[in-house]
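Residues per chain are reported as follows:
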Amino acid sequence: MPQPFPTIAKQKHPLDWSITPNSQALTELAKGIWDCAVQTNQRPLVLLSTAGPLIGVRAALEQHRPKDLPSKIAFLPQVISFADWLEAAPGAWKFPKKQSDLERWLSVYINLRKHPKLKAWFKAESNSGAWGLAQAVIDACDALSELVVPQLQDELNTLLEAHSLDAQAWLKKVELVLDQAVAKAYVGLSRNIVDEESAVLLTFWRYLTSIGDPIIRKHLAMATHLQAAKENAKNSPGTARPFIWVQTADPKPVDQELIDSYLREYAQYATVVRVSLDWQTVALWPEALCGQDAEGEIVIADTSEEQQVERNINSSRHEGWRLLAARRFEELAWVAAKSIESHLVDKKKNIALVAQDRLAARRARALLSRLGNSLRIRDETGWKLSTTRAAAAFDSLLELIRAPKEGPSANVLLEFLQNPYFDLARSLQNSPQVCVDLITQLEDILLASQAKSGWETFIAAIDKANGYASTHGGSPNEQFIKLIQFAKKLHLAWQSPLLECSSAYAQLQNSLEEAGMAQRLEKDAAGKQLLEVLKRFDLSGGPYKDLKMRLPEWLSLLKTVIEEAAYEEAGKEAEATLSILPLSSTRLRGFDAVVVIGCDEQQLPAFSEPPLFFSDALNRYLKSSTITAQYIQQARDLSQLLVTCKSVDLIWQSKSKSGEPLRPSAWIQRLQVVLKKKIPWEVVEVKLKPFEGQSQPIQKSVSIPDLDLRIPTTVSPSAYKALRDCPYRYYVSNLLGLRKVKEFEEGFDASLAGQTLHALLRNFFQALKTEEKKSHSTIHGGSDARRQWMIEHLMKFSDKEFEKLIAGDARILGTLRDWQKQIPSFVDWQLKRENEGWRYHDAELSVGFTLSITDPNGIKQDIRIAGRADRFDIHESDASAAAVIDYKNQKIKKITQRAENILDDPQLLIYARGATENPVEARIPGREVEQAEWVTLRADVKDAEKIVRVHPVEDMPAVMAEFSEQVVNDLNDLWARKPMKAFAPDSVCQYCEARGVCRKGMW
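Residues numbered from 1 in each chain as written. Predicted model: local features only at pLDDT ≥ 70, side-chain atom pairs only at ≥ 80, totals over all residues. Heavy atoms only, no water.

**Some points on empty space enclosed by the protein**
Thinking step 1. The full count for this structure, using the stated rule, is three cavities of 30 Å³ or more.
Thinking step 2. Approximately 70 Å³ is the volume found for the largest cavity.
Thinking step 3. Broken down by secondary-structure element, the contributors of at least two residues to the lining of the largest cavity are helix H4 (101–114) and helix H6 (127–148).
Thinking step 4. Here the residues of the lining of the largest cavity are counted per class, giving three nonpolar, three polar and two charged.
Thinking step 5. Roughly 50 Å³ of volume is contained in the second largest cavity.
Thinking step 6. Lining the second largest cavity are His758, Leu761, Arg762, Phe765, Tyr840, Ala843, Glu844, Asp870, Arg871 and Tyr887.
Thinking step 7. Among the secondary structure elements, those contributing two or more residues to the lining of the second largest cavity are helix H32 (750–772), strand S17 (838–854) and strand S18 (860–875). (1 Å grid on protein atoms, 1.4 Å probe; cavity = no way out; pocket = protein on both sides within 12 Å on 5 of 7 lines; lining within 4 Å. Points joined across faces, edges and corners; volume = space filled by probe spheres on them. Helix = DSSP H or I, 4+ residues; strand = E, 2+ residues; numbered from the N terminus. Nonpolar A, V, L, I, M, F, W, Y, C, P; charged D, E, K, R; others polar.)

This is how it looks when you write it as structure tokens:
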């Protein structure tokens, strides 16, 4: 039975009143508050210890307003949370400026510099870890202050009563009293704390505590409210407003002592009513009924209390409780979404999703977003601002800024350029149409050259692409260079060893403006909130404006602050509302239906992270929150939820990630034991309904090109190799045009080095030809002089070509050194070749030949087979002889294996036939290619006598005749649209881009 509201007399002590936290709790509370207003003929001040029930209490007061109230109390009683009441303290303008979290973190940073003992303890921390540790230090210092500062309440009251109009003088007195109390408490605490970490923490507390701390401001605010009540009672007797304190959750012992003491003092000047929760008829477990004892241990329930709990369970609305289990994570989220949908179908308008499993709740939310504007979703769990698209775009800028001075990785650069808030057209001062495909083309260039990091590497890759375009009928695009230069300018603006906090904020705003991100973020809901968070770093008018720190430290601090910020969604009108909230936020709130997700034994109950520096025993000494207290509070919160709401779905995942079975929470199992005596309360194993359909056996991948499918009339050496390796592979990649999404490979890729080696060898041999025409050159001084000149200049050309790459990625220096070890042996091979009569002629020439094919329609088709040859040599004594050479940045063993299958990889044969049939195109008129060789640029140079650098195509005339017949047959089959079957060996399939389409591995 509910307790009647007490009769108010002129007593000088708080009145105690209890309400039952069931479905009628808010009604009972509202009627009691109105009773207090009528008895005192005053408008009460109602203070809630937590803000969750605030709206519900106001609604209940409006609903149960008595009729014929005197005009003096006709307005609703003032209902306010404890935190808001503290902020509304009279004379709060006199208080010291409230320190933000950022300023408190910076104070930790400054004290680290001042005190060697603290600095030595923190020196092993990373940048990001240090700020997290700073937050833990501040939280721990607040816990110490909560223990000590209540002892100052009498002195604070005295100071307030006697303070002059000089606010500064009063604050100095408050600060002096605080310092004396901290110094005195420090000695006492030091005797009880002996381990090093806690000793260092005490030192921090001694240095950091100031009158600007939230704990100190809290007690100052309480003291001013008390002083105002005292003055009001003195100046206007009988007009003091009643003070109603509603304890919505069990307080920490230190808070309990503080509130009890404060209410006793407040009762000397006004009516005080202390409202608590009576769990007698609500508790569904003994711990929820009995609570904890003075030592912080759970009180063991006696027989009568256990019987009371059993009566509570049997009289509860358990008919509306459902136990739902899902085997997998996706099923878990799906079950939660379907449960909510079923409640919506039943016309329930106010639904709660209690997120014991935060990840599953997020997934369920994503599934429910399909309902559109018909469902309003309010996330009260603290949706991180860092998870929004705007924050991700901003983070891409931070990653560009923090890159080393040589430049960022290609992934970092592209992520910044591709973020939707980057205004490329504005940054390059060009039209949007010109910029549409620019970033995509740049990505293709960097991927093709595997330019993975460094400004110089990126510019070199663009130069090569522009050079290739110039020599192949295209035009170079200077916008690529402008784009890289713009990003480089943003990056270089931050290459200062130390940053002042005030100037760093100004520089950040400048970078956002230059990139056009500030304007676009301002137009986005999350972006606008992000910009507001960044304003906290505007320290130009504060004590930390001249504070200097390294760039990585400042960026880590920036990320930490953004990570702590919550994203607030804009409200909207809808037919129903879904509130996603933690269990603690359900207190004294009514819902039409509740879905609790994550009710397994691992997640219910869920305990907050323990303080970094305090054990559970030390927490008890400090009268702070303990695991036992959290356990009891959650048992009460769940009891209240189950008893209050008619429809509660309890959902959990019955299989863990490792496949081990997961049981429901022990609280649920205990309820099942009691309910089995009356009705069975079984778990429903929910399964997704499988899709039913007819399947066909997997067969070998075979395709017949459609008559309308266009077959290319040009074939490159790599495309022909694909056709020989596997016709199905050629069908997928060259006919359908399907390509695997390119990525930057791990580590340094040799393709960029190979391109550079080809380029420097071409430049070197062209310089050699020019030098030979100089009659006075030292190159004509004999074989030794020629060898020396070639080695020296090849070394110089190598240094020059690799210089930009090394500036972009220092790892390439190893590749250069490996190549330079090859140079003497390579020169010896070149000299030997010259002694045989061969001379370098030209390089990087496009050569090919044409075949005439008749398609199925009888139409003659000309097929061009062409590629780019690395090098052509001519023979001095034979005016009709020429040779083609292909450089390979591979070991000779791989080249030998390639030669064994030359008909399947006929690159050299294509070059040889193309140059022979079109000597003018190959710039060797009147000559025929009689020799074709592969030359390795990675020969084993450990043993000079056993160096093998070249592998020739053997029996070239016979091989060429066989190839000529083969290529005609292959192209005839292709144009005849014969079946293209997958039959490649595993060595080809392993790296095949069509692997996911082919299904060969499923045979």
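**A short note on the side chain of glutamine 308**
Thinking step 1. Along the chain, glutamine 308 falls in helix H13 (residues 303–315).
Thinking step 2. The exposure class assigned to glutamine 308 is buried, which follows from its relative accessible area of 12%.
Thinking step 3. Separated by 2.7 Å, the side chains of glutamine 308 and arginine 311 make a polar contact.
Thinking step 4. Residue contacts for glutamine 308: discarding those within four places in its chain leaves Gln280, Thr281 and Leu289. (Buried < 20%, exposed > 50% of the residue type's maximum accessible area, 1.4 Å probe, protein only. Polar contact = N/O pair within 3.5 Å; in protein donor to acceptor, adjacent residues only side chain to side chain. Contact = heavy atoms within 4.5 Å.)

**Details of the confidence of the model for the chain**
Thinking step 1. Residues at a pLDDT of 70 or more form 89% of the chain, whose mean pLDDT is 84.
Thinking step 2. Predicted confidence in the chain is weakest over helix H8 (residues 167–192), with a mean pLDDT of 55, and strongest over strand S12 (residues 593–597), with 96. (pLDDT = per-residue confidence, 0-100.)

**Some words on the pattern of salt bridges**
Thinking step 1. One pass over the structure, following the stated rule, counts 42 salt bridges.
Thinking step 2. Residue arginine 636 is joined to aspartate 250 by a salt bridge in which the shortest nitrogen-to-oxygen separation is 2.6 Å. Taken together, the residues arginine 636 in helix H28 (residues 627–644) and aspartate 250 in the loop between strand S4 (243–246) and helix H11 (253–266) connect sequence positions 386 residues apart.
Thinking step 3. Note that lysine 559 and aspartate 395 form a salt bridge whose closest N and O atoms lie 2.9 Å from each other. A residue pair is termed long-range when its members are at least 10 positions apart, and lysine 559 in helix H26 (residues 551–564) and aspartate 395 in helix H16 (residues 389–401) qualify at 164 residues.
Thinking step 4. According to the relative accessible area criterion, aspartate 395 is partly exposed, its value standing at 28%.
Thinking step 5. Here the salt bridges share partners, and the residues they tie into one network are Asp395, Glu399, Arg402 and Lys559. (Salt bridge = Lys/Arg side-chain N within 4 Å of Asp/Glu carboxyl O.)

**Here we look at helix H37 (residues 956–975)**
Thinking step 1. The first and last C-alpha atoms of H37 sit 28 Å apart over 20 residues, in line with the 28 Å expected at 1.5 Å per residue.
Thinking step 2. One or two residues past the end of H37 sits arginine 977, with phi positive at roughly 55°. (Expected span 1.5 Å × (residues − 1).)

**Quick word on a nonpolar patch on the surface**
Thinking step 1. Residues Leu736, Leu738 and Val997 make up a contiguous nonpolar surface patch of roughly 240 Å² in combined accessible area.
Thinking step 2. By secondary structure assignment, the location of leucine 738 is in the loop between helix H31 (727–735) and H32. (Patch = residues over 30% accessible without salt bridge, like charges linked within 9 Å, V, L, I, M, F, W, Y side chains within 5 Å. Areas by Shrake-Rupley, 256 points an atom, 1.4 Å probe, with all protein chains shown as cover.)

**Describing a positive patch on the surface**
Thinking step 1. Positive charge collects at one region of the surface, where Lys891, Lys894, Arg938 and Lys942 lie side by side.
Thinking step 2. Among the secondary structure elements, lysine 894 is positioned in helix H35 (residues 892–900).
Thinking step 3. Residue classification places lysine 894 among the exposed positions, given a relative accessible area of 53%. (Lys, Arg positive; Asp, Glu negative; His and termini not counted. Charge placed at Lys NZ, Arg CZ, Asp CG, Glu CD.)

**Observations regarding the pairing of strand S6 (residues 321–326)**
Thinking step 1. Among the six residues of S6, five are classified as buried, and the element is accordingly described as predominantly covered.
Thinking step 2. Inspection of the sheet shows S6 paired to strand S13 (residues 648–653) by six bridges, in the parallel sense. Bridging from a neighbouring strand, tryptophan 321 pairs with valine 648 of S13.
Thinking step 3. With three bridges connecting them, S6 and strand S14 (residues 683–685) associate as parallel partners. Across the sheet, the residue bridging to alanine 325 is glutamate 685, located in S14. (Pairing = 2+ DSSP bridges.)

**Considering the packing of helix H17 (residues 410–418) against helix H20 (residues 438–449)**
What describes two packed helices is the angle between their axes and the distance between those same axes.
Thinking step 1. Look at H17 against H20: their axes get within 11 Å of each other, and the N-to-C directions meet at 170°. Taken as axis vectors, H17 and H20 run roughly antiparallel relative to one another. Where H17 abuts H20, its residues Ala410, Leu413, Leu414, Leu417 and Gln418 lie against Ile439, Leu442, Glu443 and Leu446.
Thinking step 2. Class assignment of the residues belonging to the contact of H17 with H20 gives a composition of seven nonpolar, one polar and one charged. (Axes fitted to C-alpha atoms, helices over the stretch in contact; angles between N-to-C directions. Parallel < 35°, antiparallel > 145°, perpendicular 65-115°, else oblique.)

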